[in-house]
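Structural features, examined
Residues per chain, in single letters:
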Amino acid sequence: MNPLKHVAIIMDGNGRWGLKHYKSRNKGHRAGLKTIEKIIKISIKKKIKYLTLFAFSTENWKRPKSEIKYLFKLLETFLTNKINEFNKENIKLTVIGEKKFPRKINSLLKKSEKLTKNNNKLQINLALNYGSRKEIVNTIKSLNRKNIKINEKNINNHLYTSNMPDPDLLIRTGNTNRLSNFLLWQLSYSEIFFSRKFWPEFTETDYLKIINKFKIIKRNFGEIS
Ligand code: IPE
Ligand code: IPE
Ligand code: MG
């Protein structure tokens, strides 16, 4: 059975779900929060150590202002309401991506990271204003500045994900089979599962089924075995 330490998820399909059921993309974003809570619970049950959630990409700034505004309002309410509960459950929250948001959001994110920094049951990496190409370019620039040799180990050690294992498993919901600039370096050897369901309709059972399938995959990492 494969050990499962790190799950990464591209939570896609909120907008289409919202349009289908309520003629509103934003309603889909709101409904997606419930799925996040369910997935966190199962991740803890399954003793997963890292859960990386793609919540907003560097490309998502191209969306209408009203949708972006709604997304950040949701994030604000969600974190404000949930952070103490996360803390009690020994969850550590970190943000991956450039924290270039309105001041209120930035300080809420920093506060949440600080509050939970010593927790060690599950680490949730919230990918916000995250783009993998940007991450890699910034990493190489920073290595150059510090006069550090460019090699795989040093690049690994300077990415946002420096102190965690690469994702064992990537799940993308929303019936779209692409990576959309997510963790391009870190996903090199991850097992990838695409779900046809939109994120708000993705259930605990769907998640558990994928985990069970993952557990019995023969992972080679280039070897013959
Ligand atoms: C993913 O759902 C959430 C974000 C990108 C913020 P989408 O908003 O991309 O939903 P679809 O893909 O348009 O249905
Ligand atoms: C990826 O979904 C980003 C998030 C889930 C946050 P998108 O909906 O932005 O991806 P594309 O544009 O369909 O590739
Ligand atoms: Mg989408």
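A short tour of the structure in this document, coming up. Remember, it's a predicted structure, so these values are computed and weren't measured experimentally. (Residues numbered from 1 in each chain as written. Chains lettered and ligands numbered in written order. Predicted model: local features only at pLDDT ≥ 70, side-chain atom pairs only at ≥ 80, totals over all residues. Heavy atoms only, no water.)

**Regarding the sheet that holds strand E2 (residues 50-57)**
Taken in spatial order, the 6 strands line up as E3-E4-E2-E1-E5-E6 in an open sheet, and their pairing is parallel. Unpaired on one side and paired on the other, strand E3 (91-96) and strand E6 (191-194) mark the two borders of the sheet. Across the sheet, the mean angle separating the axes of adjacent strands is 20 degrees when strand polarity is ignored. By the bridge criterion, 4 bridges tie strand E5 (residues 169-172) to E6 in an arrangement that is parallel. Its bridge partner being in E6, Leu 170 is matched across the sheet by Ile 192. Running over the sheet, helix H7 (residues 204-215) touches strand E1 (6-10), E2, E5 and E6 and is turned about 145 degrees from E5. (Pairing = 2+ DSSP bridges. Helix = DSSP H or I, 4+ residues; strand = E, 2+ residues; numbered from the N terminus. Axes fitted to C-alpha atoms, helices over the stretch in contact; angles between N-to-C directions. Contact = heavy atoms within 4.5 Å.)

**Examining the nonpolar core**
Formed by 42 residues in total, the largest nonpolar core has its most connected members in Val 7, Ile 9, Leu 51, Leu 169 and Tyr 207. For this core, the element with the highest residue contribution is helix H3 (residues 65-88), accounting for 9 residues. In this structure Leu 169 touches Leu 4, His 6, Val 7, Ala 8, Ser 190, Glu 191, Phe 193, Ile 210, Ile 211 and Phe 214, once residues within four positions along its chain are discounted. Of all hydrophobic cores here, the second largest spans 10 residues; its members include Ala 8, Phe 54, Tyr 130 and Leu 183. (Core = buried A, V, L, I, M, F, W, Y, C linked by side-chain atoms within 4.5 Å. Buried < 20%, exposed > 50% of the residue type's maximum accessible area, 1.4 Å probe, protein only.)

**Focus on the side chain of Thr 52**
Counting through the fold element by element, Thr 52 comes out in strand E2. Taking the relative accessible area as the measure of exposure, Thr 52 reaches 0% and is therefore buried. In this view, Thr 52 contacts His 6, Val 7, Ala 8, Ile 9, Ile 96, Asn 125, Phe 182 and Leu 183; residues no more than four positions away in its chain are not counted.

**Details of the site of ligand 2**
All residues in the neighbourhood of ligand 2 are listed as Ile 10, Met 11, Asp 12, Phe 54, Ala 55, Phe 56, Asn 60, Arg 63, Arg 172, Arg 178 and Ser 180. One of the side-chain N or O atoms of Asp 12 is found 3.2 Å from an oxygen atom in ligand 2. Here an oxygen atom of ligand 2 and a side-chain polar atom of Asn 60 are 2.9 Å apart. Protein contact buries 78% of the 390 Å² of open area that ligand 2 shows by itself. The element that contributes the greatest number of residues to the shell around ligand 2 is E2, accounting for 3 residues. (Near = heavy atom within 4 Å. Polar contact = N/O pair within 3.5 Å; in protein donor to acceptor, adjacent residues only side chain to side chain. Areas by Shrake-Rupley, 256 points an atom, 1.4 Å probe, with all protein chains shown as cover.)

**Regarding H7**
Look at H7: 16 Å from first C-alpha to last across 12 residues, which is about the 16 Å you get at 1.5 Å a residue. Along its buried surface, H7 packs onto E1, helix H2 (25-45), E2, E5 and E6. (Expected span 1.5 Å × (residues − 1).)

**So, the packing of H3 against helix H4 (residues 103-116)**
It is at 10 Å that the axes of H3 and H4 come closest, and there the two elements cross at 15 degrees. Put simply, H3 runs roughly parallel to H4. Crossing geometry of H3 relative to H4 is assigned as left-handed. Every residue of H4 that contacts H3 at Phe 72, Leu 75, Glu 76, Leu 79, Thr 80, Ile 83, Asn 84 and Asn 87 is listed here: Lys 104, Ile 105, Leu 108, Leu 109, Ser 112, Leu 115 and Thr 116. Tallied by class, residues from the contact of H3 with H4 come to 8 nonpolar, 5 polar and 2 charged. (Parallel < 35°, antiparallel > 145°, perpendicular 65-115°, else oblique. Left-handed = near helix turned anticlockwise from the far one by under 90°. Nonpolar A, V, L, I, M, F, W, Y, C, P; charged D, E, K, R; others polar.)

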